[in-house]
Amino acid sequence: MKRILSSLLLAFVLVSLLGPWSLASADAAPAMKILSTGQPRIEPALRSKLNLLQSNETITVIVTLRQQADLSRVSGANRAARRQGILRALQATTDLTQKRIKGLLTARLAQGKVSRFQPFWVFNGFSVTATAEVINELAQHPDVLSISPDSLDIVPVLGPPEPNITLVNAPSLWNLGYFGQGVVVANMDSGVDVSHPDLSSRWRAGLNSWYDPYGQHPTTPTDLTGHGTQTMGVMVGGDAGGTTVGVAPSAQWIAVKIFDDSRSSTATAIHQGFQWLLDPDNNPATDDAPGVVNNSWTFANPGCNLDFEPDLQSLRAAGILPVFAAGNGGPLSNTSFSPSNNPSAFAVGAINNSSQIYGFSSRGPTTCGGSTGPYPELVAPGVNIRSTDLFSGYAIVTGTSLASPHVAGGLALLLSAYPNLSAAEQQNALINSSFDLGAAGPDDVYGYGRLDLLAAFNWLASAPTSTASPTSTPSNTPTFTPVPSNTATATATYTLTATNTATATRTPTATPTLLSTFIHVGDLDRSSVLSGTKWNATVTIRVHNNLEQPVAHATITGKWSNGATGTVTCTTNSSGFCTVTKTGISAQTISVTFGVTNVTATRLTYRPSTNHDPDGDSSGTIIVVLKP
C-alpha cells in the first residue's frame, strides 16, 4: 500500500510539474502555415544566371522558407497589443524554423562558399550571397519554398508637375480638428530632405526614424533625387510656402531609403526596409512602427511578381495598409505593376483636378496572386501637384507617385480620429466612401472611385464593423494655417546654394501650353570674376517625349538674364539636342529663360545639372519633356 501511495504521489507531482510545462510549451509554439513547394524552386531567370557563374563566383539571392507565420490567428485587445502579438509570432516562427538553414549556411561560410547571409523575420527567409553550388543545395532543402534573385528592376513612379488638397476633402477633417496628429507616416522611397522647412519639424527624429539599408547616410535623412521629398510633402507638408501642400500636416514622418545613391535597389534592401518599419528600434515591447506606409515605386515593367507579398501580409496583419502607386503604364489595359497588384497592396491611380483619369495611369484587370476586384482600388489627385522639393523649394509634379500619398496622408487623418482601425477597416472605409467615377460601379480605370476623406470619416462613424470611436477634438490648435490648395498659384521658387557664389534661383511658371523656366546655368569662380576675367557658358538642351524619345526640330527660344543679356535661339537636331553659348561673361551667375515651340509631345519638365569649373567654362544640361 505504501508503494502504491508513493507511486500515486510521484505521479501527482510529475503531473503537477509537467502539466503546466506542456501547456506553456503549446502556448509558446507559434501558429504557422506550411506552404507547398513550387517547381522549380529556383526562378528560371536566376537559374540562367547561376549556369554562367564560375565555381568560385557568388551571387546574392532571396531564400523563402516553407514555414510562414499564420498571422490570421493573432489577436489583441487594441492596436498596440496586436502589433506585439504580430512581432512575437513572426519572430517565434523564425526562431523555430531557421536553425537548420542557419547551420548549413554557417558551415558553408566556414568553407568559403558563402560570403554572407542575413536572416529575416518580416518574412521567414534569408538573403544569401553564395556560390551556385550552395544555392542549388539550398533548393533541395525540404525547408526551402523558393529562391529568387536579389537584383531588382524597380523604378520610382515618376512624372512631371499639382491638383488640389480640397478635392479629396482633407480641409473638412481639418475643420473637425483632425490634422494627422498622433500618427506616424512613412515612405519607402529615395529618401527625404530633412532640411525642408515644411518637413524638418515633422520628422520624428531619433535612430528609429530613419533607415538607409545601404549605410550611405546612416543617421540623417537624405534625398538626392527629390522623389521621396515630393511624396512626403503630399502626406505631411505644411504651409511654409504660402499654401498647405500636405494632406495631414500635423502627422510625423519616418522614412526608408530603398534606393542607393546610384538610384538602384535590391530585394535585400527592400525586405530590410519592410522589416525595419515593423520594429524600427528593434524592441518589440515598444510600439514605434508607423501607422501608414506609402510606396511610390514599382517594378520597371508591368506584370506579376509576388516576391514582397509576404512582407505586405506582415504589414497588414500589424494594422498597416500598404499603399502603392498604381504605376504610369496607361492608357492601355492590363498595365498593372507589382507590387501594387499584389493581393495585400492597395493600388492608387491618378486623376487630374477635374476628376479625369491621368493618361498614363495604369489600368487593370489583374489576377496577380489571386487578386480580385478592380485595379487600381482607388484614384486620387496626381496631375500638377505642388509639393516639397530639394533645396527648400517646391516642385509641380505629375504621376501616380503623387496620387498614392494623398491616400496615405488621408489615412493619417482617419487614424487621428480612429486610432485602432485595422488594415481591413481602413481599406473598407476608403472603398465604401469613394466617389464613383467613370462607368457606374468599380472598373479597371478609376477603381472604386475618387478618394473622399470626409465621406470615409462619416462611413466609419456608422460602419457596423468598426470597433473604434472618434477621438475628441484636440485642444491644441496646430501652429500652421492650412490654406486650401485651390488658392495656390502655379509659380514655385527653388533656391539653390551655389558653389563659391551666392544663392542662385530658378522659378518655373506654368502656362496653358508650355513651361517657361528660369534656369540657373552655371557658377563661375568668384575670385576670377572679381578680378575682371571674362568667361563663356554653354547650355545643352535636350527635348524628348514621355517615352524618352528625342523630339527633332523643336525650336528653343528665350533670353539670357541674371548677369547676361541677349536672346537664345536654337533648333534641336535629330537626337533632340541643341546647344547655345554665351561669351564674355563677367557676372558670378547667369541664367536663361527659355520656351519650347514647334513641338508635338505630351509633357514638359526640366532636369538641369551644372558643372562648376574654376578654369572658366561653366556648362549645364537641361532636359525638357513636354506637358499636356
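This structure is a prediction, so every number in the text was calculated from the model and none was measured.

Calculation notes
Residues numbered from 1 in each chain as written. Predicted model: local features only at pLDDT ≥ 70, side-chain atom pairs only at ≥ 80, totals over all residues. Heavy atoms only, no water. Axes fitted to C-alpha atoms, helices over the stretch in contact; angles between N-to-C directions. Helix = DSSP H or I, 4+ residues; strand = E, 2+ residues; numbered from the N terminus. Parallel < 35°, antiparallel > 145°, perpendicular 65-115°, else oblique. Left-handed = near helix turned anticlockwise from the far one by under 90°. Contact = heavy atoms within 4.5 Å. Nonpolar A, V, L, I, M, F, W, Y, C, P; charged D, E, K, R; others polar. Core = buried A, V, L, I, M, F, W, Y, C linked by side-chain atoms within 4.5 Å. Buried < 20%, exposed > 50% of the residue type's maximum accessible area, 1.4 Å probe, protein only. Phe/Tyr/Trp six-rings, centres within 6.5 Å; stacked < 30°, edge-to-face > 60°. Salt bridge = Lys/Arg side-chain N within 4 Å of Asp/Glu carboxyl O. Pairing = 2+ DSSP bridges.

Draft legend 1. The arrangement of the packing of helix H10 (residues 400-417) against helix H12 (residues 453-462) in detail. Their axes nearest at 10 Å, the elements H10 and H12 cross at an angle of 30°. In terms of axis orientation, H10 runs roughly parallel to H12. Like other packed secondary-structure pairs, H10 and H12 cross with a definite hand, here right-handed. Along the contact surface, H10 presents Gly-410, Leu-413, Leu-414 and Ala-417, while H12 presents Leu-453, Ala-456, Phe-457 and Leu-460. When its residues are assigned to classes, the contact of H10 with H12 shows seven nonpolar, one polar and no charged.

Draft legend 2. Representation of the nonpolar core. Grouped together as the largest cluster of nonpolar side chains are 53 residues, with contacts concentrated most on Val-185, Met-232, Trp-253, Val-407 and Leu-430. At the level of secondary structure, the elements contributing two or more residues to this core comprise helix H6 (170-175), helix H7 (227-236), strand E10 (252-257), strand E14 (346-351), strand E15 (378-381), H10, helix H11 (423-432) and H12. With nine residues, H10 is the largest single contributor of residues to this core. Residues in contact with Val-185, not counting those within four places in the same chain, are Met-232, Met-235, Val-236, Ala-251, Gln-252, Trp-253, Ile-254, Pro-290, Val-292 and Ala-412. Among the nonpolar cores identified, the runner-up in size contains 37 residues, and Ala-69, Leu-71, Ile-270 and Leu-315 belong to it.

Draft legend 3. Representation of the packing of aromatic side chains. Inspection of every chain in the model, using the stated rule, returns twelve aromatic pairs. Centre to centre, the rings of Tyr-211 and Trp-276 are 5.5 Å apart; their planes meet at 10°, and the pair counts as stacked. Of this pair, Tyr-211 sits in strand E9 (residues 210-211) while Trp-276 sits in helix H8 (residues 267-278), and the two are 65 residues apart along the sequence. Measuring from centroid to centroid gives 5.5 Å for Trp-297 and Phe-324, while their planes differ by 65°, and the two rings are edge-to-face.

Draft legend 4. Main features of the packing of H8 against helix H9 (residues 309-317). Relative to each other, H8 and H9 sit at 10°, their axes nearing to 10 Å. With respect to their mutual orientation, H8 and H9 come out roughly parallel. Within the contact between the two elements, H8 uses His-271, Phe-274 and Leu-278 and H9 uses Asp-311, Leu-312, Ser-314 and Leu-315. When its residues are assigned to classes, the contact of H8 with H9 shows four nonpolar, two polar and one charged.

Draft legend 5. Main features of unusual backbone geometry. Along the chain, Gly-330 connects to Pro-331 via a cis peptide bond; the corresponding omega equals 10°. With respect to the element layout, Pro-331 can be found in the loop between strand E13 (322-325) and E14. Cis rather than trans, the peptide bond between Ser-338 and Pro-339 has omega equal to 0°. Looking at the secondary structure, you find Pro-339 in the loop between E13 and E14. For Arg-263, which is not glycine, the phi torsion reads 70° and is therefore positive. By the element assignment, Arg-263 lies in the loop between E10 and H8. Non-glycine residue Phe-391 carries a positive phi angle of around 60°. Checked against the element boundaries, Phe-391 lands in the loop between strand E16 (385-388) and strand E17 (394-397). Using a relative accessible area of 46% as the deciding quantity, one classes Phe-391 as partly exposed.

Draft legend 6. Representation of the pattern of salt bridges within the structure. Following the criterion strictly, the structure yields five salt bridges and no others. Among the ionic pairs, Arg-108 bridges to Glu-137, the shortest N-O distance being 2.8 Å. One end of the pair, Arg-108, is in helix H4 (residues 99-110); the other, Glu-137, is in helix H5 (residues 132-139), with 29 residues separating them in the sequence. According to the relative accessible area criterion, Arg-108 is buried, its value standing at 18%. Residue Glu-137 is classed as partly exposed on the basis of its relative accessible area of 28%. With a shortest N-O distance of 3.0 Å, Glu-133 and Lys-113 are connected by a salt bridge. Here the residue Glu-133 occupies a position in helix H5, and Lys-113 occupies one in the loop between H4 and strand E4 (114-120), the gap between them amounting to 20 residues.

Draft legend 7. Structural view of the sheet that holds strand E6 (residues 144-149). Pairing is antiparallel across the open sheet formed by four strands, whose spatial order is E4-E5-E2-E6. Either end of the sheet is taken by a strand with one partner, and the two such strands are E4 and E6. The mean inter-strand angle of the sheet, taken between neighbouring strand axes irrespective of direction, is 25°. Bridge count for E4 against strand E5 (residues 125-131) is six bridges, and the pairing is antiparallel. Residue Phe-117 lies in a different strand from E5, and its bridge partner there is Val-128. Packed on one face of the sheet, helix H2 (residues 44-52) meets strand E2 (58-65) and E6 and runs near 145° to E2. H8 rests against E2, E4, E5 and E6 of the sheet, and its axis sits at about 30° to E4.

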